[in-house]
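Summary of structural features
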Amino acid sequence: MEEVFKAMRDIHPHKAPGRDGLPGLFYRQYWPTIGTEVTKVCLGILNDGIQEQSAFVGDRLIQDNAIIGFESLRCMKTKRFGNGRKMALKLDMSKAYDRVEWNFLRTMMRGLGYEEQWIEKIMRCVESVAFSVLINGEQIGNFQPTRGLRQGDSLSPYLFLLCLEDDSFVFLDAKENECDTMKNILQQYSRLSGQQVNLEKSEVSMGKRISSTMGQDLANRLVSNHAKYLGLPSFVGRRKQEVFELITNLHSLATNFWWGDTKDHKKLHWSTWDKLCRPKEEGGLGFRSLTEFNQALLAKQGWRLIHNPQTLLTLVLKNSYYPNTSFMKAGCPTRASCVWKGICWGRKILKEGARWRVGNGREINVWEDKWLPRPHGATLSQFPDLPPKTKLHKFITWEGNLNMGEITKHFHKDDIPWIQGIPIDLYMEDTLIWPFTPNGQYIVKSGYRVGREMNLNPTRCSDMAAI
């Protein structure tokens, strides 16, 4: 109740949460009347309406599932959070349109909440199919199937997705009864849907606390392949070193193609690949370095962790690596996963290019953060005579104005005009923005340019005008 009330008080009194919403002033004025009902609705959404699906959901990316699966497997292998006695099953499905059971498709659409009238229309399209055969050039027979989807029909791929989850991860306790129950579930699914689980290609991996003998016995209850790859199943992915070797090989292929190298005839390379990747105005050809491009893509993932704090991926990574701090201040332990190390590597671009948009000043550290709206250096000209970790809100009055007396006393004269021009809003949180786009949202294109400038010219990379 108190948390909902506090969230309501944080809404700006003259702003509405959405086009059809009411301003915060309305809720403050009539909270004694509507507070109980609003709280009930909010708690109902929080407790019962959390979406656990990561794919095909707004503001979520398909790779979220892969990262969550990787981190979950790593917890099993490192015994974190008591997961050492878990096991993971990766299912490989034998996809077949002609085995889809019509009753299963109808039941799935009902379970997903489709209107009955719509379901009947779809099923009429599915069930109206008929087949005939050609014998010596003559059309014979009129066969009415009882299951299956027509190949080549534009509707069939979408209906097939309702009946099949491709490449699914299943986590369960490493116990015999759990394995037997899982196998019964898969058999029942196959019987009802018509689809088959390919046990030859499905894989299983055991937690750190499971002995090899016990693990093999449990695996044999489920699949035909108990695979391991560097202590993890083969479906997890390649080592980080192999990824960088791949990038190097791609660079080499691109260079050879540009200079006209063939297998039998090598030509002189008149310039290095790094010089070719420089912008044209600096004497290069503007080719894209895959190393910096990879870093810019990882920075985008980090940006999503900042601005989408309630997604399942963010909650998993935060609980694992930065439970008591923010992403920008999170550490990168030596034994962290290669996924987390990669995201931290991409974070260097965010630390270099991102800026703070001042709201109430409660998140911004005066010393360390980039918060001045100045294109040639967003940090202070010199450190003020203040304790470290001093927040900007210490220089904001309770009325929402800058305390110019304190600012003049502690800040350099070159910084004061820029500070004076900053608008203060006590009802708005400080926000990390990307100053190279009109809407303040990070994009890979400008992130790549920051990464290149940061790696090639570290002394001038903070200069927004140069970037």
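Here is what the cut-offs are and how they apply
Residues numbered from 1 in each chain as written. Predicted model: local features only at pLDDT ≥ 70, side-chain atom pairs only at ≥ 80, totals over all residues. Heavy atoms only, no water. Core = buried A, V, L, I, M, F, W, Y, C linked by side-chain atoms within 4.5 Å. Buried < 20%, exposed > 50% of the residue type's maximum accessible area, 1.4 Å probe, protein only. Helix = DSSP H or I, 4+ residues; strand = E, 2+ residues; numbered from the N terminus. Contact = heavy atoms within 4.5 Å. Salt bridge = Lys/Arg side-chain N within 4 Å of Asp/Glu carboxyl O. Pairing = 2+ DSSP bridges. Axes fitted to C-alpha atoms, helices over the stretch in contact; angles between N-to-C directions. Phe/Tyr/Trp six-rings, centres within 6.5 Å; stacked < 30°, edge-to-face > 60°. Lys NZ or Arg CZ within 6 Å of the ring centre and 35° of its normal.

Next up on the list: the nonpolar core. In terms of nonpolar packing, the biggest core is built from 46 residues, with Trp340, Trp371, Phe411 and Tyr442 touching the most fellow members. Of all the secondary structure elements, the ones that give two or more residues to this core are helix H3 (63–78), helix H11 (290–307), helix H12 (312–321), helix H13 (338–353), helix H15 (416–420) and helix H16 (444–456). Considering every element that reaches this core, the biggest residue donor is H13, with six residues. Those residues in contact with tyrosine 442 that sit more than four places away from it in its chain are Ala296, Ala299, Lys300, Trp303, Ile349, Leu350, Trp434 and Gly447. In terms of nonpolar packing, the next biggest core, distinct from the first, is built from 35 residues, Leu89, Phe104, Cys179 and Val223 among them.

Another point: the pattern of salt bridges. Under the definition given, this model contains twelve salt bridges. For aspartate 153, the salt bridge is made with arginine 150, and the minimal N-O distance between the two is 3.8 Å. Exposure remark for arginine 150: the relative accessible area of 30% places this residue in the partly exposed category. We note a salt bridge from aspartate 415 to arginine 374, for which the minimum N-O separation is 3.0 Å. Residue aspartate 415 is located in the loop between helix H14 (404–410) and H15, and its partner arginine 374 is located in the loop between strand E8 (355–357) and H14; the two are separated by 41 residues in the primary sequence.

Pairing is antiparallel across the open sheet formed by three strands, whose spatial order is E5-E1-E7. At either end of the open sheet lies a strand with only one pairing partner, and these are strand E5 (168–173) and strand E7 (203–206). Direction aside, neighbouring strands of the sheet carry axes that sit 20 degrees apart on average. Contacting strand E1 (86–91), E5 and E7, H3 crosses the sheet at an angle of about 30 degrees to E5. Together, E1 and E5 form the strand contacts of helix H7 (residues 176–193), whose direction differs from that of E5 by roughly 145 degrees.

To continue, consider the packing of aromatic side chains. By the definition in use, this model includes 17 aromatic pairs. When the ring of tyrosine 322 is compared with that of tryptophan 340, the centres are 5.6 Å apart and the planes differ by 20 degrees; the resulting orientation is stacked. You can see tyrosine 322 sitting in the loop between H12 and H13 and its partner tryptophan 340 sitting in helix H13, a full 18 residues away along the chain. On the basis of relative accessibility, which here comes to 0%, the residue tryptophan 340 falls in the buried class. Taken together, a centroid distance of 5.1 Å and an interplanar angle of 65 degrees make the contact between tryptophan 434 and phenylalanine 436 edge-to-face. An aromatic cluster of at least three residues, connected via ring pairs, comprises Trp303, Trp434, Phe436 and Tyr442. Taking NZ or CZ as reference, arginine 288 lies 5.2 Å from the ring centre of tyrosine 448, over its face. One cation-aromatic arrangement involves arginine 347 over phenylalanine 327; the distance from NZ or CZ to the ring centre is 5.4 Å.

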